[in-house]
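# Chain and residue survey
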Amino acid sequence: MIDTRPLSVPTFRRTWVGNGAAYFGFQFTAVAVPVQMFAITDSPTWVGLIGVAGLVPLLIFGLWGGAAADVVDRRKLLLAGSLITWVTTVVLLVQAVAGVRSPHLLLVLTAIQAAGFAVSSPARQAIVPRIVPEPLVPAANTLNYTASTAGGVLGPLAAGVIMGIWSTGTGVEVAYALDALLFTVTFWATWRLPDIPPVIPDSSEAPEKPSVGLRGILTGLRFLVTQPVLLLSFAVDLVAMVFAMPRALFPAVAQEQFGGGSAVGWLYSAIAIGAMVGGLTSGWISRVRRQGLALIAAVVVWGLAISLSGLARSLWLMVLLLALAGMADLVSAVYRQTIMQTFAPDHLRGRLQGVFTVVVAGGPRLGDLRAGATADLTSVSTSWVGGGLVAAGLAVVLGLSSPALIRYRPERDPEDDR
């Protein structure tokens with residue numbers, strides 16, 4: 001079962017509870033904003049613009065937030081980013097109660113909220129190796145991913161119940177209010193963190209003084225391109241998401257193969273359900289030393305499971321195979337995060353976490369574009385099945401092209417600390 005040893009560390013336990021509440025609460029806003037936008041405009045195009053409004057600041061401030069996490073106290077940066085996110089949620093509640101009905105205001109608030117998340121996200125992940133012993137980092141990351149996945153499954157379901165109980169207007173207001181309320185738990189957990197000042201490296205380790213500007217970001221990128229282990233771990237993630245993310249095809253498949261209805265909901269939930277189950281049965285993850293090889297194997301399983309799910313003609317078989325892909329995705333995500341956190345020196349960890357945030361945010365969106373465009377040029381089945389096979393094949397090619405990732409092991413054996 002899942003390794004819960006990091007929860008014995010009080011600081012991590014509070015942070016985990018706070019993050020879990022934030023993940024769950026954010027899903028209410030993630031559902032309420034498009035529902036409100038469609039109610040105002042009656043236009044799917046406006047709803048689609050919400051994703052664009054959130055992506056651009058995420059890319060920009062994700063990199064800046066990573067650079068800032070290496071220069072300022074990470075606790076203070078977390079508080080600042082969390083404050084921006086919370087205030088934006090409160091403004092969303094106020095505009096809904098006041099009946100403003102402005103699509104432009106919704107786009108602006110979505111962008112500001114994404115900026116707040118992007119500023120705090122690199123610091124939130126970069127503090128993990130500072131608050132738990134290094135052998136427990138994989139287990140801590142697994143707990144974090146499991147909590148976020150559970151929020152991704154349960155949050156939309158709860159938001160749907162709210163929208164079903166109340167009218168659209170009142171349901172949106174209740175959703176915003178619950179998100180704002182739950183986010184106070186995150187404030188409490190962040191406030192209770194100890195000071196986490198930046199680690200000042202000696203001149204031989206880092207001749208340049210850390211900077212929050214472009215120079216600081218470029219320093220992190222220069223380090224990244226010289227480290228095959230990190231570079232390949234990022235590349236493998238992009239391959240998995242760009243070529244084998246079938247999310248954009250779910251509405252068409254649900255309608256054409258299964259007659260619409262609840263089928264689309266099961267397809268959208270399947271990967272997250274598998275990831276949650278994978279997290280709950282993940283006690284073995286911390287005991288694997290060949291983390292690079294395990295990462296590549298997980299991406300291969302992801303690609304093959306996605307490809308097989310595209311061939312399924314039964315909804316439940318398709319959901320089962322997508323869930324298997326979700327379990328593999330959790331494994332790969334944990335090892336990617338762990339390798340980045342333990343391989344990179346602390347004074348560069350924030351900047352690399354910023355790049356990681358951009359990759360994680362941008363990969364699935366590029367995957368949506370790839371899947372949709374390929375389906376229009378060929379067919380839905382070709383886009384779905386072929387994408388999974390390409391991802392699995394490219395993961396093998398990347399692993400064999402440079403043995404650094406396959407050979408990677410953490411410097412310390414977790415068994416030595418037991």
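Data block above holds the structure.
One structure accompanies this document, and this report is about it. (Residues numbered from 1 in each chain as written. Predicted model: local features only at pLDDT ≥ 70, side-chain atom pairs only at ≥ 80, totals over all residues. Heavy atoms only, no water.)

## Comments concerning the overall build of the chain
Check the secondary structure of the chain and you find 16 helices and 0 strands. Its C-alpha radius of gyration of 21 Å places the chain within 12% of the 22 Å reference for a compact globule of 418 residues. In terms of principal-axis extent, the alpha carbons of the chain reach across some 60 × 50 × 40 Å. Counting the 418 residues in the chain, one finds 54% classified as buried. Of all intrachain contacts in the chain linking residues separated by at least 6 positions in sequence, the fraction that spans at least 24 positions is 86%. Side chains of the chain carry 27 positive and 22 negative charges; the gap between the two charge centres is 2 Å. (Helix = DSSP H or I, 4+ residues; strand = E, 2+ residues; numbered from the N terminus. Rg over C-alpha atoms; globule rule 2.2 N^0.38 Å. Buried < 20%, exposed > 50% of the residue type's maximum accessible area, 1.4 Å probe, protein only. Contact = heavy atoms within 4.5 Å. Lys, Arg positive; Asp, Glu negative; His and termini not counted. Charge placed at Lys NZ, Arg CZ, Asp CG, Glu CD.)

## Details of the packing of aromatic side chains
Under the counting rule described, the total for this entry stands at 4 aromatic pairs. Plain terms: the ring middles of Phe24 and Phe28 are 5.2 Å apart, the flat faces sit at 85 degrees to each other, and that makes the pair edge-to-face. In this pair, Phe24 and Phe28 both sit in helix H1 (residues 10–41), 4 residues apart, roughly one turn of the helix. The exposure class assigned to Phe28 is buried, which follows from its relative accessible area of 3%. Ring-pair connections join several aromatic residues into one group, and the members of that group are Trp86, Phe183 and Phe187. Across from the ring centre of Trp191, 5.1 Å away, lies the NZ or CZ of Arg75, which sits over that ring. (Phe/Tyr/Trp six-rings, centres within 6.5 Å; stacked < 30°, edge-to-face > 60°. Lys NZ or Arg CZ within 6 Å of the ring centre and 35° of its normal.)

## Examining helix H10 (residues 250–258)
The set of residues buried in H10 consists of Phe250, Val253 and Ala254. Buried residues of H10, viewed axially, fall in a sector of 100 degrees; they line one side. Those residues of H10 that are exposed and angled more than 90 degrees off the buried face are Gln255 and Glu256. Where H10 terminates, the next one or two residues include Gly259, which has phi positive at roughly 70 degrees. (Arc of directions from axis to C-beta.)

## Here we look at the nonpolar core
Core analysis: the biggest nonpolar cluster contains 60 residues, and Leu230, Leu267, Trp302, Leu322, Trp384 and Leu405 have the highest contact counts within it. Ranked by residue count, the leading element in this core is helix H13 (residues 315–343), at 13 residues. In contact with Trp302, other than residues within four places in its own chain, are Ala240, Met241, Ala244, Met245, Ile271, Ala325, Ala328 and Asp329. Among the nonpolar cores identified, the runner-up in size contains 19 residues, and Ile2, Ala123, Val137 and Ala140 belong to it. (Core = buried A, V, L, I, M, F, W, Y, C linked by side-chain atoms within 4.5 Å.)

## Focus: a nonpolar patch on the surface
Judged by side-chain polarity, Leu49, Val52, Val56, Leu59, Ile60, Phe61 and Trp64 come together as a nonpolar surface patch covering roughly 580 Å² of accessible area. With respect to the secondary-structure elements, Val56 resides in helix H2 (residues 44–69). On the accessibility criterion, Val56 (44% relative accessible area) is partly exposed. (Patch = residues over 30% accessible without salt bridge, like charges linked within 9 Å, V, L, I, M, F, W, Y side chains within 5 Å. Areas by Shrake-Rupley, 256 points an atom, 1.4 Å probe, with all protein chains shown as cover. Salt bridge = Lys/Arg side-chain N within 4 Å of Asp/Glu carboxyl O.)

## Here we look at H13
Between its first and last C-alpha atoms H13 spans 41 Å; for 29 residues at 1.5 Å apiece the expected length is 42 Å, and the two agree. Burial within H13 is extensive, with 22 of its 29 residues counted as buried. (Expected span 1.5 Å × (residues − 1).)

## Examining the pattern of salt bridges
Summed over all chains, the structure comprises 4 salt bridges. Arg74 serves as the salt-bridge partner of Asp70, at 3.1 Å between the closest nitrogen and oxygen. For Asp70, a relative accessible area of 2% gives the class buried. On the basis of relative accessible area, Arg74 is assigned to the buried category, the value being 1%.

## Concerning the packing of helix H9 (residues 228–244) against helix H14 (residues 346–377)
Packed helices, taken two at a time, are described by the angle between their axes plus the distance between the axes. It is at 6 Å that the axes of H9 and H14 come closest, and there the two elements cross at 25 degrees. The orientation of H9 with respect to H14, classified from their angle, is roughly parallel. The way H9 lies across H14 gives a crossing that is right-handed. Across the interface between the two elements, Leu230, Phe234, Asp237, Leu238, Met241, Val242, Phe243 and Ala244 of H9 pack against Leu352, Val355, Phe356, Val359, Val360, Gly363, Pro364, Leu366, Gly367 and Arg370 of H14. Grouping the constituent residues of the contact of H9 with H14 by class yields 14 nonpolar, 2 polar and 2 charged. (Axes fitted to C-alpha atoms, helices over the stretch in contact; angles between N-to-C directions. Parallel < 35°, antiparallel > 145°, perpendicular 65-115°, else oblique. Left-handed = near helix turned anticlockwise from the far one by under 90°. Nonpolar A, V, L, I, M, F, W, Y, C, P; charged D, E, K, R; others polar.)

## Points about the packing of helix H12 (residues 291–311) against helix H15 (residues 380–401)
Packing of H12 against H15 brings their axes to within 8 Å, and their N-to-C directions diverge by 165 degrees. The orientation of H12 relative to H15 falls into the category roughly antiparallel. For the element pair H12 and H15, the recorded crossing hand is left-handed. Counted together, Ile296, Val299, Val300, Gly303, Leu304, Ile306, Ser307, Ser309, Gly310 and Leu311 of H12 and Ser381, Trp384, Val385, Gly388, Leu389, Ala392, Ala395, Val396 and Gly399 of H15 form the full contact between these two elements.

## Quick word on the environment of Val172
Examined against the element boundaries, Val172 turns out to sit in helix H7 (residues 168–191). Through-space distance from the C-alpha of Val172 to that of Arg287 is 44 Å; in sequence the pair is 115 residues apart. With sequence-adjacent residues up to four places away left out, Val172 is seen in contact with Ala32, Val35, Gln36, Ala96 and Met163.

## Details of the environment of Leu238
The topology assignment puts Leu238 in helix H9. Between the C-alpha atom of Leu238 and that of Gly81, which follows or precedes it by 157 residues, the distance is 26 Å. Sequence-distant contacts of Leu238, that is, excluding residues within four places in its chain, are made with Phe243, Val359 and Gly363.

## A few points about the side chain of Ser309
Looking at where Ser309 falls in the secondary structure, it is placed in helix H12. The class of Ser309 is buried, set by a relative accessible area of 0%. Within polar-contact distance, the side chain of Ser309 engages the side chain of Trp384 at 3.0 Å. (Polar contact = N/O pair within 3.5 Å; in protein donor to acceptor, adjacent residues only side chain to side chain.)

## Considerations on the side chain of Ser121
You can see Ser121 is positioned in helix H4 (residues 103–126). Sequence-distant contacts of Ser121, defined by excluding residues within four places in its chain, comprise Gln353 and Thr357.

That's the geometry; what it means functionally is another story.
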